[in-house]
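Here are the chains, one letter per residue:
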Amino acid sequence: MTIQSDAPVHGAVDDVELPVDPARRRRAALAEAAAHAEPATVGNRRGAVGVRTYGPGCVALALRGRFDRAGMERLRALSSEIEQYAHAELVIDLAGLDHCDPALARVIARLRIRCLAREARVELHDPPEALAAELGQFRL
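Remember, it's a predicted structure, so these values are computed and weren't measured experimentally.

What counts, and at which threshold
Residues numbered from 1 in each chain as written. Predicted model: local features only at pLDDT ≥ 70, side-chain atom pairs only at ≥ 80, totals over all residues. Heavy atoms only, no water. Helix = DSSP H or I, 4+ residues; strand = E, 2+ residues; numbered from the N terminus. Expected span 1.5 Å × (residues − 1). Buried < 20%, exposed > 50% of the residue type's maximum accessible area, 1.4 Å probe, protein only. Contact = heavy atoms within 4.5 Å. Salt bridge = Lys/Arg side-chain N within 4 Å of Asp/Glu carboxyl O. Pairing = 2+ DSSP bridges. Right-handed = clockwise from strand over helix to strand, strands pointing away.

Chemist: Where do I start with helix H4 (residues 102–117) in this structure?
Modeler: Side chains that are three or four residues apart share a direction in an α-helix, a result of its 3.6 residues per turn. With 16 residues, H4 ought to run about 22 Å at 1.5 Å a step, and its terminal C-alpha atoms sit 22 Å apart, in line with that. Of all the positions in H4, only Ala103, Leu104, Ala105, Val107, Ile108, Ala109, Leu111, Arg112 and Cys115 are classed as buried. Those residues of H4 that are buried lie in contact with strand S3 (58–65), helix H3 (69–85), strand S4 (89–97), strand S5 (121–125) and helix H5 (129–135). Looking at the residues trailing H4, positive phi occurs at Glu119, about 70°.

Structure below.
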């Protein structure tokens, strides 16, 4: 599912029925978020966003495809709401990105910094090498 810019996160985000174990909850929420962003895997691979909550203050965000100007605007519009929901933890799955331009790196960095400033734990999963370098992350 691609989230429309006029759809609030609380209307577009579904809590996932999850096990009690936090690590398993996180993995299940990431899988759900990625599944809802999967329309980007067919056709033109336009940028798609999937968002799921998996507990109080915990948000999983999956980005897929190639983000053009419209996709970037949707992601920017969602960022403030994601920040509000992710007051404990934000996990961002970047494995499905086709391309990372500097504008996308700035949006992700801003979201990450704002969540960290609110003392939320932030995890980036599988960022492309260019994005990892831009964000000061190391790929293992």
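Chemist: Looking at this structure, how should I read the pattern of salt bridges?
Modeler: Opposite charge on two side chains permits pairing when their charged atoms draw close. Tallied over the full model, the rule gives seven salt bridges. The shortest N-O distance in the salt bridge between Glu89 and Arg26 comes to 3.0 Å. A residue pair is termed long-range when its members are at least 10 positions apart, and Glu89 in strand S4 and Arg26 in helix H2 (residues 22–37) qualify at 63 residues. Of the two residues, Glu89 and Arg26, both sit in the buried class. Here Asp93 makes a salt bridge to Arg64, at a shortest N to O gap of 2.9 Å. Highlighted residues: Asp93 in strand S4 and Arg64 in strand S3, separated in sequence by 29 residues. A relative accessible area of 7% means that Arg64 is categorised as buried. Linked through salt bridges whose partners overlap, the residues forming this network are Arg26, Glu89, Arg121 and Glu123.

Chemist: Would you mind showing me how to read the pairing of S4 here?
Modeler: Each regular strand displays side chains that alternate between the two surfaces of the sheet. For S4, a buried count of eight out of nine residues is recorded, marking the element as mostly surrounded by other parts of the structure. Direction of pairing for S3 relative to S4: parallel, over a ladder of seven bridges. Bridge pairing in S4 places Cys58 opposite Glu89. Relative to S5, S4 is paired through five bridges, and the arrangement is parallel. Its bridge partner being in S5, Leu90 is matched across the sheet by Val122. Between S4 and its parallel partner S5, the chain crosses via H4, and the hand of that crossover is right-handed.

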